[in-house]
Protein chains: 2
Amino acid sequence: MGNRNPMRVGRGLAAVLLLTAVVSGGAAGGRTVPAEGGRLRPERMRAVLAEFVEFLSIPNVSSDRQNIRRNAEHLAGMMRRRGVEARILETEGGPPVVFGEWKTPGARRTLLVYAHYDGQPVDPAAWTSDPWRPVLRAGTVAEQAAVVLPGDLPADGGNEWRLYGRGASDDKGTIIAALAALDVLKERRMPPSVNLKFLFEGEEEAGSGHLEPLLKAEASLFEADGMLFCDGPVHQTRRPQIVFGARGVLSLELTVYGPDRALHSGHYGNWAPNPAAVLTHLLSSFRDRDGRVLVPGFYDDVRPLSPAEHEALQSVPPVEEELRREFGLAWTEGGSARLEERVMLPALNIRGLSSGNVGRTAQNAIPTEATASIDFRLVPDQSPAGVRDLVEKHLRSLGFTPVRTELSAEERRRAPQFVRLTWGGGYPAYRVSLDDAFAKALLQTLEESTDAAFVRLPALGGSIPMAVFARLLDLPVVLFPIANHDNNQHGPDENIRLKNLWDGVEMYAAILAGLGGRWRE
Amino acid sequence: MGNRNPMRVGRGLAAVLLLTAVVSGGAAGGRTVPAEGGRLRPERMRAVLAEFVEFLSIPNVSSDRQNIRRNAEHLAGMMRRRGVEARILETEGGPPVVFGEWKTPGARRTLLVYAHYDGQPVDPAAWTSDPWRPVLRAGTVAEQAAVVLPGDLPADGGNEWRLYGRGASDDKGTIIAALAALDVLKERRMPPSVNLKFLFEGEEEAGSGHLEPLLKAEASLFEADGMLFCDGPVHQTRRPQIVFGARGVLSLELTVYGPDRALHSGHYGNWAPNPAAVLTHLLSSFRDRDGRVLVPGFYDDVRPLSPAEHEALQSVPPVEEELRREFGLAWTEGGSARLEERVMLPALNIRGLSSGNVGRTAQNAIPTEATASIDFRLVPDQSPAGVRDLVEKHLRSLGFTPVRTELSAEERRRAPQFVRLTWGGGYPAYRVSLDDAFAKALLQTLEESTDAAFVRLPALGGSIPMAVFARLLDLPVVLFPIANHDNNQHGPDENIRLKNLWDGVEMYAAILAGLGGRWRE
């Protein structure tokens, strides 16, 4: 996963997490019907919180090698206490992977559960409380909710309470919920219906640079029939969601050249080529104002949505009006098209432009070069290599000569227009078929065991390397998030809403108990 | 001249001065035939140098009010010693203007000579010698030429010697040459043929912010029949040049808006509008890659070149091949068109682009805004106001709403696409008719009194507010430079080549002696 994009789901930009306007009261998810009867007992919830607080107290930044190992060992201990056969797998130069196995007698299927136990680096000064000393509140920091103790938890589970700490949602909370589900099943005397494998990574937030070699070297260890990618938030309406894919990603920086020194725009303007003007024409030939990519052939490999995927899209609640208001948008690309329809398409985003100077430092000069930074979002069956080829072919057809390295003055002088391309890492998109046995069984299990109206997203607009896991491990992958969307993931005051945690425990329990029986050929 | 552009002729960008490759040996100018016989005597040359060194020794940065006044008083003294009736005119809050008058009995015409005695600020650490302690060298600093003394001057005038100091070329050297011309005429017992007025400004390099009110208040004082604008360098081939106009200038900064916070490009890409993409399309509609401005009506007011101007252009030596090599250009805008033909047209230069981030700080985000900074170069009979109107009309036709101030989030949310425009100062272009009596007389005088082949430039590509003087004083204006092109104007090690100084003295003497007789109705 060395190419994993640093701004995948929910990452980096606070923007994603600021959709407070979209939250329609917090009850839209509906009541979760506990797996095969019963509901979480208060003692169970307090025990989960106690274990969670202990786990969150171990700093988990990937580069903090000593603490990340403490996390791994602690996690392996948590698994072993439940009877999961846990192993710490060393990576070459990276933090350990915690692997676990639970064999269910008679089970025909093996489910691989993926999550990461590392977290984003923190800026403690920006946090309301210490990121590594978890704090429970009877509401949000924004509401100035009082600090409370796990022992204060009311019998209803303190649904709107929040637990603050790095990793509360991303992903330690997910791990806690998955392991607690095993306890719940035991309590209810219900065995899991599938064999389980756990793959808990300690370097996801730092780019997963050491995971792929391990997956390749230990392929048989990770053999399974389906993978649950446990990361990310539920829908902004608080409805639970199942996500059957994600767009791929590919980045490109391109630079075009003018004179080899800034030239007086009076003496040389409209004779010496202006690289900023060249760039605007080049970029205009890449995409229209409305978001359609104009690079010839760009849409050739786009796999159309299946009727089932079209139908699934209808389950996505409309949020467009609220988002327009929230983001100050008087118009959106694609006219009246739904956001979720738009992100089913590939995209070309200009993430940066730079040439010469603007504002107070602007000079009447012809700049020496102009640079654009771009990220492509890919859909099945586009490939990063295919897009690279199309873009370079398009540039050649415009009279440009693509190069990969800085040119000498002599080279620039001799040859026609150069465009310097720096392709970043990338990986393809992924969409599991909604007819896939694993995908169908998972959805059926969840829908039959709760009365929540699941948002069924054929693919996330953001990028997660689901395709990479699917290819390396040769299995279907489904993303199943449990965190509240307003969890401040990656920022200060990361938190999990307890209702999301309890629902998460119940949904994992439902999956473990019910998936095997519904997972057919 | 409050709107005077900070990058007019030869200003700011070292680029303009780096045309060493274009210099074809230094002898292309040909021998100057001294005005009506004789040549500068060595004693005269030594006296000129002595006076020059003294003048250069007074620091002349406009904001250094004490020294700038010392310059003014010193200059007035130099004028009075020659019988010029000199006055120091105070400006409101600015440095003084030195005004001088020389009445020639029987002369029918009055010539106004303009130059500036202030210089650009200096970075002494970048100079080879102290900018305010002039140093004479038997060649250039780059050649590591020996330091010499004015007394060492050989009888031939040490043509390739250079005098180093701030203002040596820009413009104290010009002032020295013009005043020395009076001495030469006296020595040769030839009276000037015109009445003379001198307008020596002390704030040109700081924008001439206080000159216009003075010109208006004292209009009758500056009344004349023609103005010699004494500034700038001769042609890069070392041939002397007369310049009959200059392009005007107008700057514009424009910003288009996306979401009011940076948005995750995966989750919102090709739904939330990308301002960088909007900007590239907007700018592409402004000009093509080849430099042609596409704003409807932009060329409507362009005054075609007259046959005489076309003919004058033929006098400009070709420098394109050398410039292409010098600047690393594999192509130029306008195909095979000559540089000098190209700068006879108006231009739109994109001097800066900025949006989001490029390079290492690039994020997979939709930027909140995108900005371009532009300078227009205008030609007669375009006006800054006319261009503003055309651009705003064009933007409206594209669906934009031009605004002048930052918008509130609420305004952005409500209305269609805004484009924020910040129009900078500007002034129109100027081209005196080559049939103008003053222009014709000046050219004839110079051509008949020297054997140099003058470069006759209908207009400079860069901008000088000749139109502003022409309008305020209601007179024809011609630019007449004497400095070597490689004078390091505005940079460290500013210098004048002595051959340019001696030719300057002779040419001024020729003008003063011969202009009146040739200047007809």
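Residues numbered from 1 in each chain as written. Chains lettered and ligands numbered in written order. Predicted model: local features only at pLDDT ≥ 70, side-chain atom pairs only at ≥ 80, totals over all residues.

With that settled, the discussion passes to the overall build of chain A. Of regular secondary structure, chain A possesses 14 helices and 21 strands. Over its C-alpha atoms chain A spans a radius of gyration of 25 Å, differing by no more than 12% from the 24 Å that the globule rule assigns to 521 residues. Taking the principal axes of its C-alpha atoms as reference, chain A extends roughly 85 × 50 × 50 Å. Taken across its 521 residues, chain A has 57% of its residues classed as buried. (Helix = DSSP H or I, 4+ residues; strand = E, 2+ residues; numbered from the N terminus. Rg over C-alpha atoms; globule rule 2.2 N^0.38 Å. Buried ≥ 20, exposed ≤ 12 C-beta atoms within 10 Å, placed from the backbone.)

Residues and elements named next belong to chain A. Each assigned domain of chain A is listed with its residue range as follows: domain 1 (42–244 + 432–518) and domain 2 (248–305 + 344–426). With four residues of domain 1 in contact, the opposing surface of domain 2 contributes five residues. Its residues assigned to classes, the side of domain 1 that touches domain 2 shows three nonpolar, one polar and no charged. (Domains from an automatic or database assignment. Contact = placed C-beta atoms within 7 Å. Nonpolar A, V, L, I, M, F, W, Y, C, P; charged D, E, K, R; others polar.)

Another aspect to go through is the sheet that holds strand β21 (residues 495–497) of chain A. The four strands lie next to each other as β5-β4-β6-β21 (chain A), forming an open sheet whose pairing is antiparallel. Here the strands that pair on one side only, and so sit at the sheet edges, are β5 (147–148) and β21 of chain A. (Pairing = 2+ DSSP bridges.)

Over its 16 residues, helix α3 (residues 172–187) of chain A extends 23 Å from the first C-alpha to the last, a length consistent with the 22 Å expected when each residue adds 1.5 Å. Taken across its 16 residues, α3 of chain A has 13 buried, putting it largely inside the fold. (Expected span 1.5 Å × (residues − 1).)

Once that is clear, we can look at the relation of the copies chain B and chain A. Least-squares fitting of chain B to chain A yields an RMSD of 0.1 Å, with the transformation described by 0.0 Å of translation along the axis and a rotation of 180 degrees. Accordingly, the operation relating the two chain copies is best matched by a two-fold axis. With an isologous cut-off of 70% or more, the 100% of interface residues of chain B that recur at the interface of chain A puts this contact in the isologous class. (Least-squares fit on C-alpha atoms with pLDDT ≥ 70 in both.)

All names here are of chain A. Between the first and last C-alpha of helix α14 (residues 498–518) there are 29 Å, a value that for 21 residues agrees with the 30 Å anticipated at 1.5 Å per step. Residue Leu512 marks the point of greatest curvature in α14, where the axis turns by about 35 degrees. Of all 21 residues that make up α14, 19 are buried, and the element is covered over most of its length. (Bend = angle between axes of the 7 residues up to and from the residue.)

What follows deals with the environment of Val343 of chain A. Relative to the helices and strands, Val343 of chain A is located in the loop between α9 (339–342) and β12 (347–356). For the pair Val343 of chain A and Val379 of chain A, spaced 36 residues apart in the sequence, the C-alpha separation amounts to 9.0 Å. In this structure, Val343 of chain A is in contact with Arg247 and Gly461 of chain A together with Trp271 of chain B, ignoring residues within four places of it in sequence.

This paragraph deals with the pairing of strand β3 (residues 110–116) of chain B. Residue and element names in this part refer to chain B. Within β3, seven of the seven residues are buried, which leaves it mostly tucked inside the rest of the structure. Along β3, one buried face is formed by Thr110, Leu112, Tyr114 and His116 and the opposite face, lined by Leu111, Val113 and Ala115, is buried too. Bridge analysis of β3 against strand β7 (residues 195–201) gives seven bridges, and the strand direction is parallel. Looking at the pairing, Val113 lines up with Phe198 of β7. Pairing of β3 with strand β8 (residues 226–229), which is carried by four bridges, proceeds in the parallel orientation. Following the sheet pairing, Tyr114 is matched in β8 by Phe229.

Moving on, we get to the confidence of the model for chain A. All names here are of chain A. Looking at chain A, pLDDT values average 90 and 93% of them are 70 or higher. In this model, residues 1–38 is a region of pLDDT below 50 whose contacts with residues beyond four sequence positions or in other chains number 110 contacts. For this predicted complex, the interface confidence comes out at an ipTM of 0.86, alongside a pTM of 0.86. (pLDDT = per-residue confidence, 0-100.)

What follows is about the sheet that holds strand β5 (residues 147–148) of chain B. Residue and element names in this part refer to chain B. Pairing in this open sheet of four strands is antiparallel, and the strands run β5-β4-β6-β21 from one edge to the other. Of all strands in the sheet, those with a lone pairing partner are β5 and β21 (495–497), marking the two edges. Bridging between strand β4 (residues 135–137) and β5 involves two bridges; their strand directions are antiparallel. Residue pairing for β5: Leu136 is matched across the bridge by Val148.

What follows covers the packing of helix α3 (residues 172–187) of chain B against helix α14 (residues 498–518) of chain B. Residue and element names in this part refer to chain B. At a closest axis distance of 8 Å, the pairing of α3 and α14 adopts a crossing angle of 55 degrees. Classified by the angle between their axes, α3 and α14 sit oblique to one another. Two packed elements cross with a definite hand, and for α3 against α14 that hand is right-handed. Together, Gly173, Thr174, Ala177, Ala178, Ala180, Ala181, Val184 and Leu185 of α3 and Leu501, Gly504, Val505, Tyr508, Ala509, Leu512 and Ala513 of α14 make up the contact between the two elements. (Axes fitted to C-alpha atoms, helices over the stretch in contact; angles between N-to-C directions. Parallel < 35°, antiparallel > 145°, perpendicular 65-115°, else oblique. Left-handed = near helix turned anticlockwise from the far one by under 90°.)

Our focus in this paragraph is the environment of Thr368 of chain B. Residues and elements named next belong to chain B. You can see Thr368 is positioned in the loop between β13 (365–366) and β14 (369–378). The spatial distance from the C-alpha of Thr368 to the C-alpha of Thr91 is 45 Å, given a sequence separation of 277 residues. Discounting residues that sit within four places of it in the chain, Thr368 has contacts with Gly258, Pro259, Asp260, Arg261 and Ala262.

Looking now at the interface of chain B and chain A. Taken together, the contact pairs 81 residues of chain B with 81 residues of chain A. When residues of the side of chain B that touches chain A are assigned to their parent elements, the largest contribution, nine residues, is made by strand β12 (residues 347–356) of chain B. Taken together, the residues of the side of chain B that touches chain A sort by class into 35 nonpolar, 31 polar and 15 charged. Direction of pairing for β12 of chain A relative to β12 of chain B: antiparallel, over a ladder of five bridges. Paired with Leu353 of chain A across the strands is Ser355 of chain B, a residue of β12 of chain B.

It is worth spelling out unusual backbone geometry at this point. In this model, Pro380 of chain A is joined to Asp381 of chain A through a cis peptide bond whose omega is 0 degrees. Here Asp381 of chain A is to be found in the loop between β14 (369–378) and α10 (384–397). The residue after Asp170 of chain B, namely Asp171 of chain B, is reached through a cis peptide bond having omega 5 degrees. Its place among the elements puts Asp171 of chain B in the loop between β6 (162–164) and α3. Positioned with a positive phi, Asp474 of chain B is a non-glycine residue whose angle comes to about 55 degrees. Note that Asp474 of chain B resides in the loop between α13 (466–473) and β20 (477–479). A residue is classified by how many C-beta atoms lie within 10 Å of it, and Asp474 of chain B, with 10 of them, is exposed.

We now examine the packing of helix α12 (residues 437–449) of chain A against α14 of chain A. Residue and element names in this part refer to chain A. Running from N to C, α12 and α14 point in directions that differ by 125 degrees, and their axes come no closer than 8 Å. The orientation of α12 relative to α14 falls into the category oblique. The chirality of how α12 crosses α14 is right-handed. Together, Ala441, Leu442, Gln444, Thr445, Leu446 and Ser449 of α12 and Met507, Ala510, Ile511, Gly514, Leu515 and Arg518 of α14 make up the contact between the two elements. Here the contact of α12 with α14 is composed, by residue class, of seven nonpolar, four polar and one charged.

Residue and element names in this part refer to chain A. Relative to the helices and strands, Tyr164 resides in strand β6 (residues 162–164). C-alpha separation for the pair Tyr164 and Ile496, spaced 332 residues apart in sequence, amounts to 6.8 Å. Not counting chain neighbours up to four residues away, the residues in contact with Tyr164 comprise Ser129, Pro134, Val135, Arg137, Asp493, Glu494 and Asn495.

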